[in-house]
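Here's the letter readout for the chains.
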Amino acid sequence: MNSAETPTLSITMLGAGQEVGRSCCVLQYRGRTIVCDAGVHPALSGMASLPFVDELDWSTVDALLVTHFHLDHAASLTYIMEKTNFKDGKGKVYMTHATKAIHKYMMQDFIRMRSASISTRGSRCNLVHGTFSSSGDPLFTALDLSLSFPLIIPVAAHQQISPCPGVTFIPYHAGHVLGACMFLIDIAGIKILYTGDYSREEDRHLVKAEVPSARPDVLIIESTYGVQSLEARPEKEAMFTSDVHAIIRRGGHVLLPVFAMGRAQELLLILDEYWDQHPELHNVPIYYASSLARKCMSVYQTYIHTMNANIKGRFERRDNPFVFKYISNLPHARSWEKKVAEGGPCVVLASPGFLHTGASRELLELWAPDSRNGLIITGYSVEGTMARDILTEPEEITGLKGNTIPRRISVRYISFSAHVDYSQNAEFIDLISPQHIVLVHGEQTAMGRLRGALQSKYKDRDEDVKVYTPRNLETLQLTFRGERIAKAIGTLATEPPAPNSILSGLLVAKDYSYTLLDPKDLKEFTGLSTSSVIQKVRIAIGCGWELVRWHMEGMYGAIIEGRDKGGMLTLRIMSAVDVKWTSDTEVTLEWVASASNDMVADSVIAILMSIDQSPASVKMTTHSHSHTHEEEAKKPSHIEVDVRLTKSHPHAPKAQTSRVEELAVLRMERITMFLEAHFGDVQLRVPEGVKPDAAEGEEVVSEEFPAIAITLDDSTAEIRLLDMMVRSSNEALRKRVVSVLQMALATTGSLAEQFVSVDHSAIQESDEIQAIMANVEDDSEGGVKRLAEDEGDREEGKAIAM
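Residues numbered from 1 in each chain as written. Predicted model: local features only at pLDDT ≥ 70, side-chain atom pairs only at ≥ 80, totals over all residues. Heavy atoms only, no water.

Asker: Whenever I open this one, unusual backbone geometry confuses me. Can you help?
Answerer: In this structure, the amide linkage connecting Ser 351 to the following residue, Pro 352, adopts the cis form with an omega of 5°. Residue position: Pro 352 is located in the loop between β15 (346-350) and α10 (358-367). Of note in the backbone geometry, His 158 takes a positive phi value of approximately 70° without being a glycine. Relative to the assigned elements, His 158 resides in the loop between β6 (152-155) and β7 (161-164). In this structure, Glu 393 is a non-glycine residue whose phi angle is positive, near 55°. You can see Glu 393 is positioned in the loop between α11 (386-389) and β17 (396-398). (Helix = DSSP H or I, 4+ residues; strand = E, 2+ residues; numbered from the N terminus.)

Okay, here's the thing in structure tokens:
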């Protein structure tokens, strides 16, 4: 297959290409389009925060798969479903049950926050310094969400889904957050594993990411941390609780900016356990400032079965891990931030995690001037957000109102982000062992370093693995030379085939998969039925039957002559086409339609149409005419013509011998003449069955067979007539004789001898055709052979084309 015909997998990043945010990956292969994730960029606002949605015709999308509920992976879903032409197509949206349950609350909160930002902060703000803004109308409304949400199809982990013919996918647990999954996608035999955000470290409530059993051809994987290595979980927890405790001891407030769902639940579990182990902290409150989290906590309690053994075990002991003893939710009263700031030491988990707006930003501005307070960043921070900027510990920060605020609050970064670091990522890639690796969801520098590290590793191992880092809107074209595999089923699968044996059957292609089966099993296994088309053509002629037979014999050699079931004179040409004498001025051709039979029928029609103009016909039907009227009266001219035409054509078999014997003798004579023309005199050697010197009553049978001997110089070669095998002690002579013999066999055979009619397209098996040929009965009255008509060709459901 040349490159122009080789299917190509196209991968286009509409977001998350050399950046973190607005994840959106488009896969296109063999006319199918699959989109993975549809998020927004947390550091941008309005239309600028969306993926490059205008670069895709969304009506052509077959499936949109969402890995988890985080905004940078799912927040543009409602916009795509309601504001693009996605709804004009047949595409479907899939996510896990837990993701769908939390996604609803996340989007309601997203709409509320965006609307509040537009109404209170005007149309333009500075995002670089951490202010949240938008221009114009919100991206979508609560009505849009209510219309699109019911169309989302929830799926379970390990459930195989086929959204359209030729495409299947299976979700696997990805860790990261509740309900997060990676998708193993199969498009026409090409397997792609899209990880989304994933974690290979089991934490206090989630399982770690699974390794799919099937090896994918392409791995599209996050590269958030590049080549960084993070601390082990016990070390991180110890540092975190130690820092929190130290800030409280000095009389300060602890600010933990988190997203409402995800890592927040992990931190709550850690703090609740630490408080339980330290009685001196029981009077220090821990606040969770998120109404959204309060709503979503019921989802966590519903999907306990998707979590790890630790949570399941506690739940079985009726110890609900998400009913916290030392943590309370802050009431959303007016100016609660100031009341908390004026109070004693406490710990506050507030959203959002990027500190660009909301409660976490309000508390930061209030607590920043006091050196007793502490800020602990616990997750990954996107470039361009306040959470990233404050890690550099600037002396001042800019408030939401544009005012300058001195920064004396301590800043610490302890990553509880449920993303893989370099060692975990590299280990997972080795377990997957893909042919192509596509890095996404990472900043350009981090992604470039990871690519370099992977390429260096594979170079040292002498492995041919390609690593790609596509930018947004840069289409990656991957070509595969994968083998096409056909599964044998039904009768063909009853016994395993021997090595190097040929398996024959019908090849059925459906949804880019191939099945080989016996024609008898076609209807049972596929629901398809077969039929044969019997073609009939009537041709007017102006000559007699004998002249028709004479021309057929001249072109095709041996033919079968007889009568059909209705007593009609019939010639069977090359076991494919029947020519029937329907009247004195008309013949009818009848054959089972197939590519080869149609070709024979066309040639027969051409001969019949040209009989009247053929010089041979003129010669065979003319004779000397005597003007003696007595002789003319005694012997009419048509009798003389009939006598001449009853003589066989020179190419036809002799009447006095059987067809098989005559064909064998005639062909052997022609082969011998061919060999004599190339090698001179040849000898026919026929071994005697009884040796002359055998004792009386003793018969010694020779083990040799009849052969043609060819002598050239001092070397001799023999052609065994039984199987046309050539034997000679001179290898050069043997090869030459073999070459000439092949030409002789191809040249001397008639069309009828060399042609085999096999109808692969529809219907009759070769044994059925042979049965038709063999079904010849003697006609006691006419003294000619009768061709029995194949009743199978007249079965119900078979069409006849006239």
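Asker: Explain the sheet that holds strand β14 (residues 327-329) to me, please; I cannot follow it from the model alone.
Answerer: Either a parallel or an antiparallel arrangement is found when strands of a sheet pair, and the pairing is made through backbone hydrogen bonds. Here we have 6 strands laid out as an open sheet, ordered β14-β13-β15-β12-β16-β19, and parallel in their pairing. The sheet is open, and its two edges are formed by β14 and β19 (410-413), each paired on a single side. When the angles between neighbouring strand axes are averaged without regard to direction, this sheet yields 20°. Of the pairings in the sheet, the one linking strand β13 (residues 286-289) to β15 comprises 4 bridges and is parallel in character. Across the sheet, Tyr 287 pairs through a bridge with Val 348, a residue of β15. Lying on the sheet, helix α6 (residues 263-277) is in contact with β12 (253-257), β13, β14 and β15; it crosses β15 at an angle near 165°. Packing against the sheet, α10 makes contact with β12, β15 and β16 (374-377), and its axis sits at approximately 145° to β12. (Pairing = 2+ DSSP bridges. Axes fitted to C-alpha atoms, helices over the stretch in contact; angles between N-to-C directions. Contact = heavy atoms within 4.5 Å.)

Asker: Would you mind going over the pairing of strand β34 (residues 725-728) with me for this structure?
Answerer: Of the two faces of β34, only the one carrying Val 726 and Ser 728 is buried; Met 725 and Arg 727 on the other face are not. Summarising the sheet, strand β33 (residues 715-720) and β34 pair through 4 bridges and their orientation is antiparallel. Bridge pairing in β34 links Ile 719 to Val 726. The turn joining β33 and β34, which pair antiparallel and follow one another in sequence, is formed by 4 residues; a positive phi near 60° is taken by Met 724. (Buried < 20%, exposed > 50% of the residue type's maximum accessible area, 1.4 Å probe, protein only.)

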